[in-house]
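Observations on the three-dimensional arrangement
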Amino acid sequence: MTQRAKIDTDGSEIADEPPVVHRVAGLTSAEVAERVARGEVNDVPVRSSRSTVDIVRGNVFTRFNAIIGVLWVIMFLVAPIQDSLFGFVIVANTGIGIIQELRAKKTLDSLAVIGEAKPTVRRDGVSAEVSTSEIVLGDLIELGPGDKVVVDGEVAEADSLEIDESLLTGEADPVVKKPGDRMMSGSFVVAGGGAFTATKVGREAYAAQLAEEASRFTLVHSELRSGISTILKYVTWMMVPTAIGLIISQLVVKDTNFKDSVARTVGGIVPMIPEGLVLLTSVAFAIGVIRLGRKQCLVQELPAIEGLARVDVVCLDKTGTLTEGGMDITELRALNGSDEEYVRKVLGALGESDPHPNASLQAIIDAYPEAEEWRCTESLPFSSARKYSGAAFSEGDGENSAWLLGAPDVLLKAGDPTLTEIDHLNEQGLRVLLLARTARELDSPDVAQDADPTALVVLEQRLRPDAADTLSYFADQNVAAKVISGDNAVSVGAVAGKLGLPGAENTVDARHLPTEQAAMADELDRNAVFGRVTPQQKRDMVGALQSHGHTVAMTGDGVNDVLALKDADIGVSMGSGSEATRAVAQIVLLNNSFATLPSVVAEGRRVIGNITRVATLFLTKTVYSVLLAVLVVCSQVEYPFLPRHLTLLSTLTIGVPAFFLALAPNKERAKPNFVRRVMRYAIPGGIVAAAATFTTYLIARAHYSGPGALDAETSAATLTLFLVSMWVLAIVARPYTWWRIALVATMGGAFLLVLVVPWLQDFFALKLVGVTMPWTAVAIAAIGAALLEVAWRWVDRRFPA
């Protein structure tokens, strides 16, 4: 709502009376206390993570824990303690999962408090920031550009207040609000300012709940999580009929010792369950959150770590991302014979006219003092869509004037000679604003038409010292960086060029971009720097890139970035950014450092690459366990292993190595088709391991006889399975580093220790008998290892990732 000077009956302005401003005092402290006592508080919790109860429940009460729990109880009843070791491993794993996720929760919650938006509330006539949860019914909440409307309410004061409700209604155009108009929580201010009275708080504000769900809990797509769920579903389908067949085979068909049959049946079922895969995934994510938290990076949605690892295009807003927020005026150029002293007064008055100055206007305020005798009679706040602001003044000497301050190429006609002068400044990376006098009403849609250029304000932007290194990192990682800014294209290109961005010399003015999505996407693929981009265009550009199959991350800190942040695969906001951008972003850089982004990307790649790596280990075990059970059922022989044997093998070839491999550095960009990538290795690996193991077992059955034959047969089969599994581990651990070689060697040494130490031999019931059969087991394992190498290389060629 604009403020106008009073007009006398003869049409002249009454210049000596200031405009009447009705400022609402807000609630008194007593009224606030009374409402708190009545429970009229905005108590909707803003959580950044699962509750402690949910974490414990999610880690303990799983489908596989239930199956293993039942089998564990059975083993306690029928077998020695060493055959129940698998249960203790599950307890330890679950405990590790709970502890790590609780640590991650603590990190997230503490960071969320730091990053939480604090609305400005007016009480007893004094404005102060309070937590969102401290707002009470009837509170007067002040608003400025970029502020999010946190509760439902009614406008009490409005100064050219424009609200974007697109996240709620889908309507892209800002809505001008006047006193008495309804305010919807989840919307945000794009221009102007004002205040509104809270009419619905807490759980009564349905729109608030809706907006909170939309902004905080709509999870980004996690291919890793959905892929693991798909794998577990197929594993369950395979496991159930196989386990039933094994139970019937061992308990009914075979006439052996009942307790031994039960133990071997359980030994066949337990390894089919890839229980550690889910645990390691949650632990990897949790540790990722903790690591990033130490760098002041708030991950509002856990899968966002994964999402950024898959990103191949990063869209960067120049201001606040490549440059620091502040600016400095380097030059003031008067145009058309204007008096520079008078221009300074105009600029000082313009600075005073806007209660919510942006960075450019703040630089003007810092440079030029307020013209005390000038009085603002009407104002037009800056808008990213129109790219200029304005104000009308009574100058104190009976003169009235109206001024516009904004983008020269928007305010001037094409071909104006001043634009050539401005281009030379833009080429140096300087930002230029045009001060122009207008004879039209500020609320006229044609206010900029025929405006008289009066002066150029030349500003220098402060480059972020770490921006060049960050852009270089993305270039090295084959992640395309696109600078998308509302500023002049040449100026943006100059800044990007100073930072070494490839393609910065070819800048594009977004006003000339095609509106058709496919054509826009082609332009975006060909170019790297775009200027004069409107907020809606930013959103369209994100959609165009996604239509070409790109995974897009969008960074920003201003209100003009909100729509694009919301639509991008991953939205990244600066901690000092507007409340609205922090609300819709999945990742908030609380230290406002663009240089933190490589850490987030690296953490995501570590998580995804390593989980893909270790998932192959777990699922190879599942495949060979199912196949062994099927072979046992078909051939009607005793199952070769007790639970203690497979617990030992799983620990040495999967459990311990997987933990280290899951937390190792990994810079490879995440690739799609997680399930396909994992199963193309796990299936041939499992088939080879099962075939080699069962072959050794059958040969051993023919070789040994007598009372201790089954133990000897089991030991030979265990040796083959261990060696083949170790070769799977050796392949998965590639490319080798010193610690990976040491890891594989340590696991091999641990198994050798079990074979040579007498009490460990007895504990695990492993004792190699004779010379012929153990060396036969080694030879079969060597053939299996060779087949693994051939099979995996064939898979790489036949089914490339």
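Fair warning: this is a prediction, and the values are worked out from it, not measured in the lab. (Residues numbered from 1 in each chain as written. Predicted model: local features only at pLDDT ≥ 70, side-chain atom pairs only at ≥ 80, totals over all residues. Heavy atoms only, no water.)

1. Description of the overall build of the protein chain
Summing up its helical and strand segments, the protein chain has 27 helices and 21 strands in all. Looking at the 801 residues of the protein chain, the share that counts as buried comes to 57%. Excluding contacts between residues fewer than 6 apart, the proportion of contacts in the protein chain whose partners are at least 24 apart in sequence is 73%. In the structure as shown, the protein chain presents an accessible area of about 32,900 Å², 58% of it carried by carbon and sulfur atoms. Here the protein chain contributes 71 positive and 92 negative side-chain charges, whose respective centroids are spaced 13 Å apart. (Helix = DSSP H or I, 4+ residues; strand = E, 2+ residues; numbered from the N terminus. Buried < 20%, exposed > 50% of the residue type's maximum accessible area, 1.4 Å probe, protein only. Contact = heavy atoms within 4.5 Å. Areas by Shrake-Rupley, 256 points an atom, 1.4 Å probe, with all protein chains shown as cover. Lys, Arg positive; Asp, Glu negative; His and termini not counted. Charge placed at Lys NZ, Arg CZ, Asp CG, Glu CD.)

2. Brief notes about the packing of helix α21 (residues 597-635) against helix α22 (residues 643-662)
At a closest axis distance of 9 Å, the pairing of α21 and α22 adopts a crossing angle of 175°. Taken together, the axes of α21 and α22 are roughly antiparallel relative to one another. In this structure, α21 uses Arg-606, Asn-610, Arg-613, Val-614, Leu-617, Phe-618 and Lys-621 to contact α22, whose residues at the interface are Ser-650, Thr-653, Ile-654, Ala-658, Leu-661 and Ala-662. (Axes fitted to C-alpha atoms, helices over the stretch in contact; angles between N-to-C directions. Parallel < 35°, antiparallel > 145°, perpendicular 65-115°, else oblique.)

3. A closer look at the packing of helix α24 (residues 709-732) against helix α25 (residues 738-756)
As a packed pair, α24 and α25 sit with axes 10 Å apart at the nearest point and diverge in direction by 170°. In this view, α24 runs roughly antiparallel relative to α25, as classed from their interaxial angle. On the side of α24, the interface is formed by Thr-718, Leu-719, Phe-722, Met-726, Leu-729 and Ala-730, while α25 contributes Val-744, Met-747, Gly-748, Phe-751 and Leu-755. Looking at the contact of α24 with α25 residue by residue, the classes come out as nine nonpolar, two polar and no charged. (Nonpolar A, V, L, I, M, F, W, Y, C, P; charged D, E, K, R; others polar.)

4. Considerations on the nonpolar core
Residues Leu-308, Leu-501, Ile-587, Phe-594 and Phe-751 are the most contacted members of the largest nonpolar core, which totals 130 residues. Sorting elements by how many residues they give to this core places α21 first, with 16 residues. Discounting chain neighbours no more than four positions away, the residues touching Ile-587 are Cys-297, Leu-298, Ala-304, Leu-308, Ile-570, Gly-571, Val-572, Ser-573 and Val-600. Among the nonpolar cores identified, the runner-up in size contains 26 residues, and Ile-484, Leu-513, Leu-524 and Leu-565 belong to it. (Core = buried A, V, L, I, M, F, W, Y, C linked by side-chain atoms within 4.5 Å.)

5. So, the pattern of salt bridges
Counted according to the given criterion, the structure contains 28 salt bridges. For Asp-567, the salt bridge goes to Arg-539, with nearest N and O atoms at 2.7 Å. Taken together, the residues span a long stretch of sequence, with Asp-567 in helix α19 (residues 562-567) and Arg-539 in helix α18 (residues 535-547) at a distance of 28 residues. A network of salt bridges, in which partner residues are shared, links Asp-409, Asp-509, Arg-511 and Arg-532. (Salt bridge = Lys/Arg side-chain N within 4 Å of Asp/Glu carboxyl O.)

6. Quick notes on unusual backbone geometry
A cis amide bond links Arg-734 with the next residue in sequence, Pro-735, at an omega value of -5°. Despite not being glycine, Arg-532 shows a phi value in the positive range, around 55°. Of the residues examined, Arg-532 reaches a relative accessible area of 6% and is grouped as buried.

7. Quick notes on the sheet that holds strand β21 (residues 587-589)
Strand pairing in a sheet takes place through backbone hydrogen bonds and is either antiparallel or parallel in direction. Here we have eight strands laid out as an open sheet, ordered β8-β21-β20-β19-β9-β16-β18-β17, and mixed in their pairing. Looking at strand neighbours, the two that pair on one side only are β8 (297-299) and β17 (507-509), the edges of this open sheet. Direction aside, neighbouring strands of the sheet carry axes that sit 20° apart on average. Pairing geometry for strand β9 (residues 313-316) and strand β19 (residues 552-556), over three bridges, is parallel. Paired with Cys-315 across the two strands is Met-554, which belongs to β19. Strand contacts of α18: β9, β16 (480-484), β18 (529-531) and β19, with the helix running at about 160° to β19, the strand carrying the most contacts. (Pairing = 2+ DSSP bridges.)

8. Considering the environment of Ile-163
Position of Ile-163 among the secondary structure elements: in strand β4 (residues 152-164). Taking C-alpha positions, Ile-163 is 5.7 Å from Val-190, a pair spaced 27 residues apart along the chain. Residues within four places of Ile-163 in sequence aside, it is in contact with Pro-174, Val-175, Lys-177, Met-183, Ser-187, Phe-188, Val-189 and Val-190.

9. Quick look at helix α17 (residues 517-526)
Turning to α17, its buried residues number three or more, namely Met-520, Ala-521 and Leu-524. Along α17, the residues classed as buried sweep out an arc of 100° about the axis, all on the same side. Against β16, β18 and α18 lie the buried residues of α17. (Arc of directions from axis to C-beta.)

10. Quick notes on a nonpolar patch on the surface
A surface patch of nonpolar side chains, about 500 Å² in accessible area, is lined by Val-73, Phe-76, Leu-77, Ile-81 and Phe-88. Looking at the nonpolar patch element by element, the count peaks at three residues for helix α3 (residues 63-78). With respect to the helices, strands and loops of the structure, Ile-81 is situated in the loop between α3 and α4 (85-115). The exposure class of Ile-81 is partly exposed, given its relative accessible area of 43%. (Patch = residues over 30% accessible without salt bridge, like charges linked within 9 Å, V, L, I, M, F, W, Y side chains within 5 Å.)

11. What about the side chain of Lys-621?
Residue placement: Lys-621 occurs in helix α21. Contacts of Lys-621, omitting those with residues within four sequence positions, involve Pro-271, Ile-273, Glu-275, Ser-650 and Ile-654.

12. Regarding the confidence of the model for the protein chain
Per-chain confidence: the protein chain averages 82 in pLDDT, with 90% of residues scoring 70 or above. This model gives residues 210-219 a pLDDT under 50, and the stretch forms 24 contacts once residues within four places in sequence are excluded. (pLDDT = per-residue confidence, 0-100.)

13. Some thoughts on the environment of Ile-783
Here Ile-783 is to be found in helix α27 (residues 772-798). What makes Ile-783 exposed here is its relative accessible area of 53%. Along the chain, Ile-783 and Val-724 lie 59 residues apart, while their C-alpha atoms are 9.1 Å from each other.

14. Some remarks on the pairing of β4
Of all 13 residues making up β4, 11 are buried, and the element is well covered by its neighbours. Direction of pairing for β4 relative to strand β7 (residues 188-200): antiparallel, over a ladder of 10 bridges. Bridging across to β7, Asp-152 finds its partner in Lys-200. Of the pairings in the sheet, the one linking β4 to strand β6 (residues 182-183) comprises two bridges and is antiparallel in character. Along β6, the bridge assignment pairs Gly-153 with Met-183. For β4 and strand β5 (residues 175-176), the ladder comprises two bridges, and the chain directions are antiparallel. Bridge assignment links Glu-162 to a residue of β5, and that residue is Val-176.

15. Things to note about the packing of aromatic side chains
If you walk through the whole model with that rule in mind, you get 11 aromatic pairs. Between Phe-659 and Phe-660 the ring centres are 6.2 Å apart and the planes differ by 85°, which places this aromatic pair in the edge-to-face class. A relative accessible area of 45% means that Phe-660 is categorised as partly exposed. One aromatic cluster in this structure is built from Tyr-342, Trp-374, Phe-393 and Trp-403. Seen from the ring of Tyr-234, Lys-233 lies directly overhead, with NZ or CZ sitting 5.7 Å from the centre. (Phe/Tyr/Trp six-rings, centres within 6.5 Å; stacked < 30°, edge-to-face > 60°. Lys NZ or Arg CZ within 6 Å of the ring centre and 35° of its normal.)

16. Points about the pairing of strand β2 (residues 126-129)
The sheet contact formed by strand β1 (residues 120-123) and β2 spans four bridges and is antiparallel. For Thr-120, the partnering residue across the bridge sits in β2 and is Glu-129. Connecting β1 to the antiparallel partner β2 that follows it, the hairpin turn spans two residues, and Asp-124 within it adopts a positive phi of roughly 55°.

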